[in-house]
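# Per-entry structural report
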Amino acid sequence: MSVPRLSLQTLDQRGAEVRGPAVDPRETQVGIVHLGVGAFHRAHQAVFTEDAAGATGETRWGILGVTQRSPRVAEQLRPQDGLYGVLTKGRDATSLRVIGSMRGAAFLRVDVDVLEAIAAPTTHVVSSTVSEKGYRRTSSGRPDLGDDDLSADVATLWRELDGDRPEDAPARTPVGALARGLFRRRRAHGAPLTVVCCDNMVDNGRVVAALLDDVLEAVGTRADALRAWVEQSVRFPVTMVDRITPATTDAHRAEAQALLGLRDDALVVAEPFSQWVIEDDFAGPRPAWERAGATLTADVAPWERAKLRMLNGAHSTVAYLGALRGHRMIDQAVTDPAIEAVVRRLMDDEVAPTLTPPPGLDLAVYRDSVIERFANPATGYTTLQVAGDGSQKLPIRLLGTVADRLAAGAVPEAATLATAAWMVFVARGQDARGDALPLDDPLADRLRRAADGPEASLVDRMLDVHEVFAEPLREHDGFRTRLRADVAQLLAEVGARATV
Ligand code: CS2
């Protein structure tokens, strides 16, 4: 007999151990539009938002979750009335809760009502987790107007600002949706709005603000009034977000279904740890996220830098060294003594000197907690999941540390080894056992071209990928020399190139 699907109608049939929504979904109205309703958002901001609403009894903080690359998540959520489970996997304990704050699901490229939702006077926050590549940027961080989707959004906004009303033209990119939604918001009532970027980027809120302004500038003087209104009425706080959220597997779904007694196609899995540090800079109302444990502060930078360089830098290091050595899981790789030693050296000797720890953060304690979290076998985080999008992640997570250490007169051996491991991961595409290591990267073609050639000059060709390596790194002989030695060693360890 088929198992009933999770929905408002079946919610009360859930297993006794499963915590229900902290809010009444039927009473909750949309107040947030979230761009990029992937697993991380559903395990992180949506949970904070649910708990904040549960603590205050506010019913205006429902979320319209918007998918941007594919309709899959929207199609998973809609039949479930937006309900989904969060399976929390600790080392020794598992728990499941159903989140009720997701009050709508839309696919950006089809649902033009996303723009109306951004414009709605009941919407006070637009947040985003679209990954680094989702912002469609050039290597210099500006909007890539050569991107077909972004240029189409700019052209449509141009027409709208000229008085056309292409009401049926959905947006195709997150920044395009933001620009067109804000155009409609200003036209309709002009109420302020806050854009809360939750992606792993340095100064993430300022990045989005600058991208939006560049897009509006691209439309020409017809957008001047809109730009001025954005300057006055829209805020872009910086945030630091942290919760390890592995891809959901069939095993996770089976485990959750056994607890829930219902089928949940939108299940997400996460570790127990969760942290959200938010710049307290809002244009209007917001959920009382601090009631759910978030930190509101005037300066996020120390938190953000520590997290991106310590945790994410270590994560990528573990992923590439681990993948090359044949470790499929992060927990296996980080408990490999050789890799753990590199990660400790990276955090203690190379990252820590580049940080000003935020108040109360002991970096040695934080380092140990990061390693402990990585070593949790229950989450099932794979090295390949972390290894994806390296061209976007390395500059943020590792190469800033490299640049700072080189400027201080030291060649950072661990961060350089991690960078070499990424180069070999790209070039060799297989691990020490001969198993394939697929390259999932928006610059995959560019990287493959750079990697194609004699291995003796691999480092030189990869350093020439200017989208990844800024000039100070390209020009530093000590870094280049160290990379060459590390790449040669790693290539030898991975073994002879696979014969086709
Ligand atoms: C990971 C991050 O997949 C990755 O690139 O490093 O998603 C990491 O799990 C989160 O930033 C943890 O907060």
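Presented here is a report on the structure given in the accompanying data block. Keep in mind that what you see is a predicted model, and the values were worked out from it rather than measured. (Residues numbered from 1 in each chain as written. Predicted model: local features only at pLDDT ≥ 70, side-chain atom pairs only at ≥ 80, totals over all residues. Heavy atoms only, no water.)

### Some points on the overall build of the chain
A tally of helices and strands in the chain yields 21 helices and 12 strands. Against the 2.2 N^0.38 benchmark of 23 Å for 500 residues, the chain shows a C-alpha radius of gyration of 23 Å, consistent with a compact globule. Viewed in the frame of its principal axes, the chain has a C-alpha envelope of about 60 × 60 × 50 Å. When burial is assessed residue by residue, the chain has 57% of its 500 residues classed as buried. Here the analysis covers contacts within the chain between residues at least 6 apart in sequence; of these, 79% occur between residues at least 24 apart. Carbon together with sulfur atoms contributes 49% to the accessible area of the chain, which is approximately 19,300 Å² in total. The averaged location of the 70 negative side-chain charges in the chain is 2 Å from the averaged location of its 58 positive side-chain charges. (Helix = DSSP H or I, 4+ residues; strand = E, 2+ residues; numbered from the N terminus. Rg over C-alpha atoms; globule rule 2.2 N^0.38 Å. Buried < 20%, exposed > 50% of the residue type's maximum accessible area, 1.4 Å probe, protein only. Contact = heavy atoms within 4.5 Å. Areas by Shrake-Rupley, 256 points an atom, 1.4 Å probe, with all protein chains shown as cover. Lys, Arg positive; Asp, Glu negative; His and termini not counted. Charge placed at Lys NZ, Arg CZ, Asp CG, Glu CD.)

### Notes on the packing of helix H5 (residues 148-161) against helix H6 (residues 174-188)
As a packed pair, H5 and H6 sit with axes 9 Å apart at the nearest point and diverge in direction by 15°. Taken together, the axes of H5 and H6 are roughly parallel relative to one another. As for how H5 packs across H6, the hand of that crossing is left-handed. Contact residues: Leu150, Asp153, Thr156, Leu157, Glu160 and Leu161 in H5; Gly176, Ala177, Ala179, Arg180, Phe183 and Arg184 in H6. Of the residues in the contact of H5 with H6, the class split is six nonpolar, two polar and four charged. (Axes fitted to C-alpha atoms, helices over the stretch in contact; angles between N-to-C directions. Parallel < 35°, antiparallel > 145°, perpendicular 65-115°, else oblique. Left-handed = near helix turned anticlockwise from the far one by under 90°. Nonpolar A, V, L, I, M, F, W, Y, C, P; charged D, E, K, R; others polar.)

### Considering the sheet that holds strand S11 (residues 275-279)
Pairing within the open sheet is mixed, and its three strands lie in the order S9-S11-S12. The open sheet is flanked by strand S9 (239-242) and strand S12 (295-297), the only strands paired with a single partner. Going from strand to strand, the sheet's axes swing by 15° on average, the running direction of each strand aside. Sheet topology places S11 next to S12; three bridges connect them, and they run parallel. Within S12, the residue paired with Ile278 across the bridge is Leu296. (Pairing = 2+ DSSP bridges.)

### As for the pairing of strand S2 (residues 62-67)
Among the six residues in S2, six count as buried, and that is most of the element. Two strands pair when backbone bridges link them, and strand S1 (residues 30-35) and S2 are joined in this way by five bridges, in the parallel orientation. If you follow Val33 over to S2, its bridge partner there is Leu64. Sheet topology note: the S2/strand S5 (residues 102-107) ladder contains five bridges and is parallel. Each residue of the ladder has a partner; that of Ile63, found in S5, is Met102.

### Concerning the environment of Ser131
Looking at the secondary structure, you find Ser131 in the loop between strand S6 (125-128) and H5. For Ser131, a relative accessible area of 17% puts it in the buried group.

### What to know about the sheet that holds strand S4 (residues 94-99)
An order of S4-S3-S10 is seen for the three strands of this open sheet, with the pairing classed as mixed. Looking at the sheet topology across the chains shown, the edges are occupied by S4 and strand S10 (268-270). Between one strand and the next, the sheet's axes are offset by a mean angle of 25°, whatever the strand orientation. Where strand S3 (residues 84-89) lies against S4, six bridges are found, and the strand directions are antiparallel. Following the sheet pairing, Val86 is matched in S4 by Arg97. The strands touched by helix H2 (residues 45-56) are S3 and S4; relative to S4, the strand with the most contacts, the crossing angle is about 70°. Each of S3, S4 and S10 touches helix H9 (residues 250-260); the most contacted strand, S4, lies at about 75° to it.

### What about the pattern of salt bridges?
Throughout the structure, instances matching the rule amount to 41 salt bridges. The partner of Arg136 in a salt bridge is Asp149, with the nearest N and O atoms 3.1 Å apart. One end of the pair, Arg136, is in the loop between S6 and H5; the other, Asp149, is in helix H5, with 13 residues separating them in the sequence. Both residues of the pair, Arg136 and Asp149, count as buried. (Salt bridge = Lys/Arg side-chain N within 4 Å of Asp/Glu carboxyl O.)

Functional significance is not addressed by these values, which are geometric in nature.
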